[in-house]
Each structure stands twice: as structure tokens, then as C-alpha cells.
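Below are the chains, spelled out letter by letter.
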Amino acid sequence: PIDDTNSTAKIGNGNIFFTLYKKEPAMWDSLTLANADKEKLQYLRENAVLKAHEKAKEETEAKKITKQEHKKYALEATMKLEEEERKRIEDLKEKERQKVAKELELWKNQQKDGDKYKSIQKKGKLHQETEPLKERKSEKMNKTRIPNEGTSKARLKSTKGPVHGSSSIFSENLKEEQLPGPRAAATIKVNFTPRVFPTALRESRVAEEEEWLHKQAEARRIINSDLSELEDLKEEEKNPDWLKDKGNKMFAMGDYLGAVNAYNLAVRLNNKLPLLYLNRAACHLKLRNLHKAIEDSSKALELLTPPVPDNENARVKAHVRRGTAFCQLELYTEGLQDYEAALKIDPRNKNIEKDAEKIRHLIQGTMQSS
């Protein structure tokens, strides 16, 4: 028997050159079957052709299954990446809330300690000021109460006048020198100047950040309100932000086509907002509109300029979604380029790094098989 897998046939210059491999090592007495009539040869030929067709069909089916597995893996990788990104953002928000709560509690405790210390200081100072006055008052009172021997009643009467006068003057001076009581404790509200970008000012590229903020402000002022579709809409439904939130809710509920329609109208109202294209690209990935997902991701990256910390997450998502669409189209080289671009922006993202490594293995496997 002949090993059909390894055997080959080449046609050239009017000749056919066969290279045949035996399944078992043995000598062939002849290259033709002995005592074989035409019917038998015809049967063997037809049987060989049938087997060849069945083998080709099995290979096609195996390739189809492999292709479906690759598509399934790419979709699962995208969903896993988005889930990890959402979880990371929620963890960051929770950490920030806990940090702010701790700082606020520490500030309140410091305020209470400061108020207690000030109150103790005021009481000590008031006690130090009133103590000498009390001592002088007691000395004067003692002097006026001891009469000299041989004095007359008139002298005693005359001495009573100044005593009362001195006592009155002393009480008035005491009233004037007394300090007011400590003020009640209160909470002082401190307002800090808000900063849009998370990085410190010394590390920021102020000019690029200002350009980004200016572009976003200008984009939000551009509203195309002359569309015929807007005649039957409410005033709030003509707002691109409202339409974006509506699309996000539809996406979360699995209504990807409805979300695309909401984003489409928002884009027609304002075609300068990058998040509209970025979110619509995610919908196209779910709907298997891969070429449209690539177009929307590219448009989002075009609008996400200049690159600043405020738009890092959006740029990472745009590269990953475009790379995923490329991979599902079996354009693994282009997809790897987008994943590597995302890693340059967020080099600590382990999930993107793992997916990029898997794409490299797919590329190597494709090259070896070809």
C-alpha cells in the first residue's frame, strides 16, 4: 500500500513525476497490479478519487473548526479585557473614595484637637490675668479694714468714703480687664482648586493638556440641529451626551443594534466626540461588523489627540478594539501592532500583554503551516 499523505505528483514539461512512499518496507515486484482487468482498475481509480474527496472535506472541516475556535477566543479575549478594565476602574474609584474619607476623618480629628488646645490656652491665660487682680483686691480690702489706734469716728467715716470709692474703681477696672469667653467650636470648609488631570503639575505637559481641554470644549459646542430626524424628538433627545448615555444602557442590556442607532444619531449631531466612535466600535465588534469597528476605532484615535493622561484609557480601548477586529479578520500582524501600541500606553496591563503573546504564537503557527 502507498502512503497517500507523503506521496506527491508533479507535472512539468509534458511529464508526470510521481514520488511514492510505502506504508510498510517491502520490495515491489511490479508497479502495476497483476491479473487486473479494466473494470477492477476503474473501480480502484474511482475509490481512490472518492477517498481523496473525503480527505479534502475532512481537512476543510478541520480548518473551519479551527477558524471558529480562533474567532471565539478573540471574542472572549475582548470581553475579558473589557471586564478587567471596568473592574480596574471601579477599584481605583473605591480606593480614591477610601483615601478621601480617611483624609477627611484625619482633618476632623486635627480640628477637634486644635480647638481643645486653643480652649485650654485661653483658660490658662485668663486665669493668669485674673489671679493678680484678685490678690491686689484682697490686699486693699485688708488695709481698709484695719483702723489706726486713736482715730476718731469722723476719721473713720472719712476713711469709709475712699474705701467705697476704691472698691468701685477696682470693680470697674476688673470688668474692663476681663477677657471674653472662648468661642464655640466650628468647622472650617477648605476648597481646593480642582485639577482636571491626575498627574502633578510639574509632570504634566500643560500646553498639550490645555489643547485637549480646548478641543473637548469646542467639540461639545458643535451641534448640528438642522437634521430632519430631529423634528419629532424632544429637546433632551437632541443632546449628544443624552444619546450616548442611552446607547450605553442599550449596550449593557445586550441591544447592540439599538445602541448603534443611538450612537449614529449622536454622531450626526456632533462628529467631534471621540467616545461616540469608541463605544460604537464596541457595538460593531459584538455585531461582527469588523470593518466598521476598525473604522470607528481609527476615527476615535484620530480625535484623541494630543495624547495626555486624561485620554489614556480611551486610547488603550481604541487600540485593543481595533486589534481585536483585525485578529477576527485573521490579520494577526495588524492586530499585534495595535496591541503593542496599547502596551506602550499602559505597560503594566498584564491582560493585554498575555493577549499580545497569544497573537504572536498565532502568527508563528500561521507562518510554520504556510
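About the cut-offs
Residues numbered from 1 in each chain as written. Predicted model: local features only at pLDDT ≥ 70, side-chain atom pairs only at ≥ 80, totals over all residues. Heavy atoms only, no water. Helix = DSSP H or I, 4+ residues; strand = E, 2+ residues; numbered from the N terminus. Expected span 1.5 Å × (residues − 1). Buried < 20%, exposed > 50% of the residue type's maximum accessible area, 1.4 Å probe, protein only. Arc of directions from axis to C-beta. Contact = heavy atoms within 4.5 Å. Polar contact = N/O pair within 3.5 Å; in protein donor to acceptor, adjacent residues only side chain to side chain. Pairing = 2+ DSSP bridges. Patch = residues over 30% accessible without salt bridge, like charges linked within 9 Å, V, L, I, M, F, W, Y side chains within 5 Å. Areas by Shrake-Rupley, 256 points an atom, 1.4 Å probe, with all protein chains shown as cover. Salt bridge = Lys/Arg side-chain N within 4 Å of Asp/Glu carboxyl O. UniProt positions renumbered as here; feature names shortened; annotations may be inferred. Core = buried A, V, L, I, M, F, W, Y, C linked by side-chain atoms within 4.5 Å. 1 Å grid on protein atoms, 1.4 Å probe; cavity = no way out; pocket = protein on both sides within 12 Å on 5 of 7 lines; lining within 4 Å. Points joined across faces, edges and corners; volume = space filled by probe spheres on them. Nonpolar A, V, L, I, M, F, W, Y, C, P; charged D, E, K, R; others polar. Axes fitted to C-alpha atoms, helices over the stretch in contact; angles between N-to-C directions. Parallel < 35°, antiparallel > 145°, perpendicular 65-115°, else oblique. Left-handed = near helix turned anticlockwise from the far one by under 90°.

As annotated in an unreviewed UniProt entry, the protein chain carries the name Dynein axonemal assembly factor 4 and is attributed to Zosterops lateralis melanops.

Glancing now at helix α4 (residues 240-252). The first and last C-alpha atoms of α4 sit 18 Å apart over 13 residues, in line with the 18 Å expected at 1.5 Å per residue. Every buried residue of α4 is listed here: P240, L243, K244, G247 and M250. Take α4 and look down its axis: the buried residues cluster within an arc of 125 degrees, on one side only. Facing away from the buried side of α4 by more than 90 degrees, the exposed set consists of K249 and A252. Residues of α4 that are buried make contact with α5 (256-269) and α6 (274-286). The N-cap of α4, judged by a side-chain oxygen 3.1 Å from the amide nitrogen of D241 a few residues on, is N239. The positive-phi residue at the C-terminal boundary of α4 is G254, with phi of around 90 degrees.

The next subject is the pairing of strand β1 (residues 8-12). Two strands pair when backbone bridges link them, and β1 and strand β2 (residues 15-19) are joined in this way by five bridges, in the antiparallel orientation. Bridge pairing in β2 links A9 to F18. The turn joining β1 and β2, which pair antiparallel and follow one another in sequence, is formed by two residues; a positive phi near 55 degrees is taken by N13.

Together, I2, I11, I16, F18, L20, W28 and L31 make up an exposed nonpolar region whose accessible area comes to about 750 Å². With respect to the helices and strands, I16 occurs in strand β2. Exposure remark for I16: the relative accessible area of 49% places this residue in the partly exposed category.

All right, on to the UniProt feature "repeat: TPR" (unreviewed entry) in the protein chain then. If you check UniProt for "repeat: TPR" (unreviewed entry), the listed places come out as residues 316-349 in our numbering. Helix makes up 79% of residues 316-349 and strand 0%. Its end C-alpha atoms lie 10 Å apart.

What follows is about the nonpolar core. Judged by nonpolar contacts, the single largest core of 20 residues is most densely connected at L243, A259, Y263, L276, Y277, L278 and C283. Of all the secondary structure elements, the ones that give two or more residues to this core are α4, α5, α6, α7 (290-303) and α8 (312-328). Sorting elements by how many residues they give to this core places α5 first, with seven residues. Leaving out residues up to four positions away in the same chain, C283 has contacts with F251, Y256, A259, V260 and Y263. In this structure, C327, I345, I352 and I363 belong to the second largest nonpolar core, which totals 14 residues.

With that settled, consider the environment of T366. By the secondary structure assignment, T366 is in helix α10 (residues 350-369). For T366, a relative accessible area of 40% gives the class partly exposed. Between the C-alpha atom of T366 and that of Y332, which follows or precedes it by 34 residues, the distance is 9.4 Å.

Below, the discussion takes up the layout of surface pockets. By volume, the second largest pocket is sized at about 870 Å³. Lining the second largest pocket are 18 residues, with I2, D4, L33, L44 and A48 sitting closest to its centre. Classifying every residue of the lining of the second largest pocket by side-chain character gives eleven nonpolar, three polar and four charged.

At their nearest, the axes of α6 and α7 sit 8 Å apart, and the two run at 160 degrees to each other. By the angle between their directions, the pair α6 and α7 is classed as roughly antiparallel. The crossing of α6 and α7 is left-handed. In this structure, α6 uses P274, Y277, L278, R280, A281, H284 and L285 to contact α7, whose residues at the interface are L290, K292, A293, D296, S297, K299, A300 and L303.

What UniProt calls "coiled-coil region" (unreviewed entry) maps, in this numbering, to residues 75-102. In residues 75-102, the share of helix is 100% and the share of strand is 0%. The end C-alpha atoms are 41 Å apart.

With the exception of glycine, most residues fall at negative phi, and the peptide bonds are largely trans. Residue P306 is reached from T305 by a cis peptide bond, and omega for that bond is -5 degrees. Structurally, the position occupied by P306 is in the loop between α7 and α8. Of note, R288 is a non-glycine position whose phi angle comes to about 65 degrees, a positive value. Within the element layout of this structure, R288 appears in the loop between α6 and α7.

Below, the discussion takes up the side chain of R280. Residue position: R280 is located in helix α6. Of the residues examined, R280 reaches a relative accessible area of 13% and is grouped as buried. Of note is the side chain of R280, whose polar atom sits 2.7 Å from the side chain of D296. With near-sequence residues (within four places) excluded, R280 lies in contact with V260, Y263, N264, V267 and D296.

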